[in-house]
Amino acid sequence: MTDKPAKGTANTPSNAQSNAMWGGRFAMSPAEVMQEINVSIDFDKRLAPQDIRGSKAHAAMLADAGILTKADAKEIAKGLDAVLAEIEAGTFKYSRSLEDVHMNVESRLKDIIGAAAGRLHTARSRNDQVATDFRLYVRDQIDGIVHVLGSVQHALAKKAEAHAATVMPGFTHLQPAQPVTFGHHLLAYVEMIGRDRGRFLDARARLNECPLGSAALAGTSFPIDRHQTAEALGFDRPMANSLDGVSDRDFALETLSAATITAIHFSRFAEEIVSWMTPQFGFITLTDKFTTGSSIMPQKRNPDAAELSRAKVGRIAGAFQSLAMVMKGLPLAYSKDMQEDKEVTFDALESLTLVIAAMNGMIEDLEPVPEVMRTAAGRGYSTATDLADWLVRELKMPFRDAHHVTGSIVKAAEAIGLDLEHMPLADMQKIEPRITKAVFSVLSVENSVKSRVSYGGTAPQNVLKSARAWLKRLEKERSKG
């Protein structure tokens with residue numbers, strides 16, 4: 001997809017066909033292997049809708065500038081609509097001998113309207129054409145991803161509202177740390193996904209400049225109006241430098257970076273779903289909709305959707321690395337290396353969209369097992385910090401002293417096989433005589449979570465307030481469309 005020698009096809013085109021694309025400079029068809037490495041229509045055909053949008057805007061601008069007659073512009077627009085209709089109907093026949101989506105569309109346009117089609121490429125190059133198409137595609141993908149991420153946030157917030165007081169263990173180092181609520185845990189992902197959406201929107205804002213009119217690399221001598229085409233295509237402005245316009249793919253890299261971080265967040269949640277589904281945890285259940293069985297072990301219920309969602313981050317992160325390696329050594333302006341930008345980007349963004357859909361489905365499908373979560377929340381002396389805090393608050397101990405006393409009480413409780421909530425008061429008083437029976441008010445997991453009322457804490461009242469605030473915000477966003 002460049003103004004360089006043509007690639008070919010498995011069905012080698014005639015010299016006349018090849019030369020029609022490249023003009024009088026080339027007398028022979030390219031070698032078959034050259035054709036094969038050069039061909040891009042197999043994957044860039046998905047840019048056809050964007051290519052047609054860009055061509056219609058370009059033709060309209062050429063007509064307004066007096067470069068193209070109004071009649072030709074009208075015929076071109078009508079013909080492009082016909083081409084798009086064929087593509088949408090699945091009847092369009094792509095030819096590998098025509099190299100890429102741009103030449104396929106233009107060739108079919110010529111079949112439909114005749115010689116006027118040849119005037120469409122005035123004042124542009126495939127270099128600025130593909131840069132424009134690719135930006136439009138990535139922008140479309142961002143808009144879709146931001147929308148479906150909002151749906152995931154809504155599903156999480158709805159479940160968090162329902163389980164604002166459902167106690168579960170909170171972990172550090174995957175060891176029981178302090179009790180939290182299931183709603184609080186889910187809201188952590190709502191916050192992460194909110195930042196993910198912000199990264200995509202930031203990337204969108206920076207990519208929303210139009211390369212069209214940069215031509216091959218130096219601009220054009222025709223009196224074009226680049227602001228008109230930028231506005232027609234929904235860009236904020238034309239790109240200010242023609243070399244930059246055709247030669248950078250930082251917008252794709254930034255989007256892939258945002259996609260990678262988002263995929264990592266979903267991978268972490270998928271890992272928790274996988275763990276929570278095991279009999280060792282038993283925290284949640286998933287229905288048949290999002291689990292599979294075993295060909296040999298009839299008892300199995302495997303969380304394959306979560307496992308595959310977890311794995312997709314490899315492809316998505318790999319796409320970022322792949323494109324970074326393509327771009328790192330390229331001099332200005334366009335090089336054919338940049339044809340390698342699309343397949344990885346297409347694959348990564350489609351993979352992320354699939355992950356989001358799968359995770360959204362699992363979030364709506366999963367149900368916690370509160371009694372198992374509550375029992376687990378009390379294991380591992382998870383209210384030890386509550387005891388230390390009580391010593392600080394009620395006995396005015398320095399926290400480091402309280403930490404030491406609490407550690408000694410935990411050691412004693414462990415020796416007799418009791419949790420802190422059931423530790424005899426007398427045994428605690430052997431370690432710190434000033435402890436009173438009031439200490440038991442903080443040693444249950446329910447009271448522990450209720451006490452965490454600091455901003456962002458796990459207290460059920462906090463969780464309920466935060467979940468409802470998110471739901472209100474997301475539903476307002478939905479109502480705006």
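Our subject in this report is the structure included herewith. What you are looking at is a predicted structure, and each value in this text was computed from that prediction instead of being measured.

Once that is clear, we can look at the pairing of strand S2 (residues 175–181). Relative to S2, strand S1 (residues 167–172) runs antiparallel, the two being bridged by 6 bridges. Among the inter-strand pairings, Met 168 is bridged to a residue of S2, identified as Val 180. Connecting the antiparallel pair S1 and S2 is a turn made up of 2 residues, with His 173 showing a positive phi of about 55 degrees.

What follows concerns the pattern of salt bridges. Taken as a whole and judged by the stated rule, the model has 32 salt bridges. As a salt-bridge pair, Arg 237 and Glu 209 come within 3.2 Å of each other at their nearest N and O atoms. With Arg 237 in strand S4 (residues 237–238) and Glu 209 in strand S3 (residues 209–210), this pair connects stretches of sequence that are 28 residues apart. Looking at Arg 237, the relative accessible area reads 39%, which means it is partly exposed. Residues Lys 430 and Asp 427 are paired through a salt bridge, measuring 3.8 Å at the closest nitrogen-oxygen approach. Taken as a pair, Lys 430 and Asp 427 lie in helix H17 (residues 425–431) at a separation of 3 residues, close to a single helical turn. Judged by its relative accessible area of 69%, Lys 430 is exposed. Bridged by salt links that share partners, the residues Glu 99, Asp 100, Arg 126 and Lys 336 form one connected network.

Calculation rules
- Residues numbered from 1 in each chain as written.
- Predicted model: local features only at pLDDT ≥ 70, side-chain atom pairs only at ≥ 80, totals over all residues.
- Heavy atoms only, no water.
- Pairing = 2+ DSSP bridges.
- Helix = DSSP H or I, 4+ residues; strand = E, 2+ residues; numbered from the N terminus.
- Salt bridge = Lys/Arg side-chain N within 4 Å of Asp/Glu carboxyl O.
- Buried < 20%, exposed > 50% of the residue type's maximum accessible area, 1.4 Å probe, protein only.

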